[in-house]
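Below are the chains, spelled out letter by letter.
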Amino acid sequence: MEDKDPLINHLNAEDRLKRNYICGIDQIVVDIEAKVDQAFLDEFHLQRGMSQVIDNDVTNALYERLKRDDMIDYEFAGGTIGNTMHNYSVLADDRSVLLGVMSESIEIGSYAYKFLCNTSSRVDLDHLQPVAGPIGRCFTLIDDSGERTFAISAGLMNYLKPESISQSLIENASALVISAYLMRTKGDETMTQATMQAVEYANQAGVPVVLTLGTKFLIEQDPQWWAEFVEKHVDILAMNEEEGEAITGFDDPLMAADKALDWVDLVICTAGPTGLYMAGYVEEDMKRETEYPLLPGAIPEFNRYEFSRAMRKSRCEKPVRVYSHTAPYMGGPDTIKNTNGAGDCALAAVLHDLSANVYHRLNVPNSAKHEQSAITYSSLAQISKYANRASFEVLVQHSPRLSRGLPEREDSLEQSYWDQ
């Protein structure tokens, strides 16, 4: 009868549910997408196919022209980490915390207003630092050939201050997520110092630091610096095959992931139509063999132990490298509407699994599952499938942000994807 007592059940539930969260730092930005021609690019002195920073006067003139001629297709809340935090909170239906700046005076219809409106209510924005000016704006200008030209107006997005970083917030997070873009500041901009302050707090507290590389062009400028930064400060590295080649020198995504394991504990490498690779470590006694066919590659039969749960290398007495690969869900979409944000969504799915592991350990500490000090709840093979499935949702829509979580059971005949 005790089990049916509502008071006892309520008290037990209160004792049982301990919550956790992940934390991310970003340049707060709104993405504006429009179709243009070469004459438009010439008018605003923009180099086709390149990413370039524009000043406020050009930004305002550009935006007014797009609005006047009704050329804007979409306006979305953006930012690599902003997208990742939003998608994590949608997938996990749980709290994430976003750090950055926000205009202290917000008007209806403004960029800042649109950012707030298009961010999940599960993303905690209470720790944003107020600034007296605009947040960032990124124009994605697409010509008839599909070539994308990026014009970025930084506004005050790079003025997050180190003193705005709460040490206790970082120390109690399940992960700290940052991007390479945060290191690209100049002059009196303080974003890099603020990011490094957060990274130091995380490193000292043993909180996993997750870095997404963001763009190969930034990494190519000084790959040695990035390799040293990753080795010293980062625990989990997310990249695509181009960024992987830029930092490791290997154009094969599997070999790039393997090289990155020299520096970090877990690697996620998206490879476009090829799918997604993951690489990590497991204790010799804890490795689990796959039930799937063994795959050929630069590392023969590399997926042999993909049913293993990833561990920190430092927690392994006899660390074994494990790898997994999953082809795109349903072979990939028939029509790709948007590639921006697909990698961010894949990372969000991986973070969901990492966070689920922390949540389970907090609430069921005596579970046999935690006899192994893994950093993931699921095996590499299952996480890889989940990440691919999540990114599929972004590829078939225009927005880089999910509007809903994944169905508990698929509406299509592809339920077999999960049952393999």
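Residues numbered from 1 in each chain as written. Predicted model: local features only at pLDDT ≥ 70, side-chain atom pairs only at ≥ 80, totals over all residues. Heavy atoms only, no water.

By size, the foremost hydrophobic cluster in this structure holds 69 residues, and its most contacted members are Leu66, Phe139, Leu141 and Leu351. With nine residues, the single largest contributor to this core is helix α12 (residues 342-363). Other than its neighbours up to four places away in sequence, phenylalanine 139 contacts Ile32, Ile54, Thr59, Leu62, Tyr63, Leu66, Thr149, Phe150 and Ala151. Listed in part, the 55 residues of the second largest apolar core include Val101, Val230, Ile247 and Ala257. (Core = buried A, V, L, I, M, F, W, Y, C linked by side-chain atoms within 4.5 Å. Buried < 20%, exposed > 50% of the residue type's maximum accessible area, 1.4 Å probe, protein only. Helix = DSSP H or I, 4+ residues; strand = E, 2+ residues; numbered from the N terminus. Contact = heavy atoms within 4.5 Å.)

The subject of this paragraph is the side chain of histidine 86. Tracing the chain through its elements places histidine 86 in helix α4 (residues 80-92). Engagement of the side chain of histidine 86 in a polar contact is seen with the backbone oxygen of leucine 402, the distance being 2.7 Å. Other than its neighbours up to four places away in sequence, histidine 86 contacts Asn118, Thr119, Ser120, Val123, Arg401 and Leu402. (Polar contact = N/O pair within 3.5 Å; in protein donor to acceptor, adjacent residues only side chain to side chain.)

This part takes up α12. Under the 1.5 Å per step criterion, the end-to-end length of α12 is 32 Å for 22 residues, consistent within 8% with the ideal 32 Å. Most of α12 sits inside the fold, with 16 of its 22 residues counted as buried. (Expected span 1.5 Å × (residues − 1).)

We now examine the pattern of salt bridges. All told, the structure shown has 18 salt bridges when counted by the stated rule. For the salt bridge of arginine 65 with glutamate 43, the shortest nitrogen-to-oxygen distance reads 2.3 Å. Taken together, the residues span a long stretch of sequence, with arginine 65 in helix α3 (residues 56-68) and glutamate 43 in helix α2 (residues 38-43) at a distance of 22 residues. Residue glutamate 43 is classed as partly exposed on the basis of its relative accessible area, which comes to 42%. Between arginine 65 and aspartate 69 there is a salt bridge whose closest N-O contact spans 2.6 Å. Classification of aspartate 69 as partly exposed rests on a relative accessible area of 33%. Each of Glu43, Arg65, Arg68 and Asp69 takes part in salt bridges that share partners, so that together they form one network. (Salt bridge = Lys/Arg side-chain N within 4 Å of Asp/Glu carboxyl O.)

Bringing the packing of aromatic side chains into the picture now. Using the criterion set out here, one finds nine aromatic pairs in the structure. Ring geometry for tryptophan 225 versus tryptophan 226: centroids 4.8 Å apart, planes at 90°, classification edge-to-face. Taking relative accessible area as the criterion, tryptophan 225 reaches 38% and is therefore assigned partly exposed. For tryptophan 226, a relative accessible area of 4% translates into the label buried. Judged by centre distance (5.2 Å) and plane angle (85°), the rings of tyrosine 292 and phenylalanine 307 are edge-to-face. Highlighted residues: tyrosine 292 in the loop between β15 (276-283) and β16 (319-326) and phenylalanine 307 in the loop between β15 and β16, separated in sequence by 15 residues. Using a relative accessible area of 22% as the deciding quantity, one classes tyrosine 292 as partly exposed. With a relative accessible area of 14%, phenylalanine 307 lands in the buried category. Taken together, Tyr63, Tyr111 and Phe139 form an aromatic cluster joined through their ring pairs. If you follow lysine 369 out to its NZ or CZ, it ends over the ring of tyrosine 377, 4.2 Å from the centre. Sitting over the face of the ring of phenylalanine 115, arginine 401 holds its NZ or CZ atom 5.2 Å from the ring centroid. (Phe/Tyr/Trp six-rings, centres within 6.5 Å; stacked < 30°, edge-to-face > 60°. Lys NZ or Arg CZ within 6 Å of the ring centre and 35° of its normal.)

The nine strands lie next to each other as β7-β5-β1-β11-β12-β13-β14-β15-β16, forming an open sheet whose pairing is mixed. Looking along the sheet, the strands with just one partner apiece sit at the ends: β7 (123-124) and β16. Where strand β1 (residues 22-25) lies against strand β11 (residues 176-179), two bridges are found, and the strand directions are parallel. Bridging from a neighbouring strand, glycine 24 pairs with valine 177 of β11. Contacts from helix α9 (residues 223-233) reach β11, β12 (209-212) and β13 (236-240), with the element oriented near 155° to β12. (Pairing = 2+ DSSP bridges. Axes fitted to C-alpha atoms, helices over the stretch in contact; angles between N-to-C directions.)

Our focus in this paragraph is the layout of surface pockets. Its boundaries defined by the atoms lining it, the second largest pocket holds a volume of some 430 Å³. Lining the second largest pocket we find 22 residues, and of these Ser174, Gly206, Pro208, Val358 and Arg361 sit closest to its centre. Of all the elements, α12 adds the most residues to the lining of the second largest pocket, at five residues. Residues of the lining of the second largest pocket, tallied by class, amount to nine nonpolar, eight polar and five charged. (1 Å grid on protein atoms, 1.4 Å probe; cavity = no way out; pocket = protein on both sides within 12 Å on 5 of 7 lines; lining within 4 Å. Points joined across faces, edges and corners; volume = space filled by probe spheres on them. Nonpolar A, V, L, I, M, F, W, Y, C, P; charged D, E, K, R; others polar.)

Sites flagged by UniProt as "domain: Carbohydrate kinase PfkB" (unreviewed entry) map to residues 120-280. As annotated, residues 120-280 comprises 32% helix and 25% strand, and the C-alpha atoms at either end are separated by 31 Å. (UniProt positions renumbered as here; feature names shortened; annotations may be inferred.)

A few words now on the side chain of serine 153. As for its position among the elements, serine 153 is in strand β10 (residues 148-153). For serine 153, a relative accessible area of 1% corresponds to the buried category. Only 3.1 Å separates the side chain of serine 153 from the side chain of threonine 59, close enough to count as a polar contact. When sequence neighbours within four positions are dropped, the list of residues in contact with serine 153 reads Ile54, Asn56, Thr59, Gly136 and Arg137.

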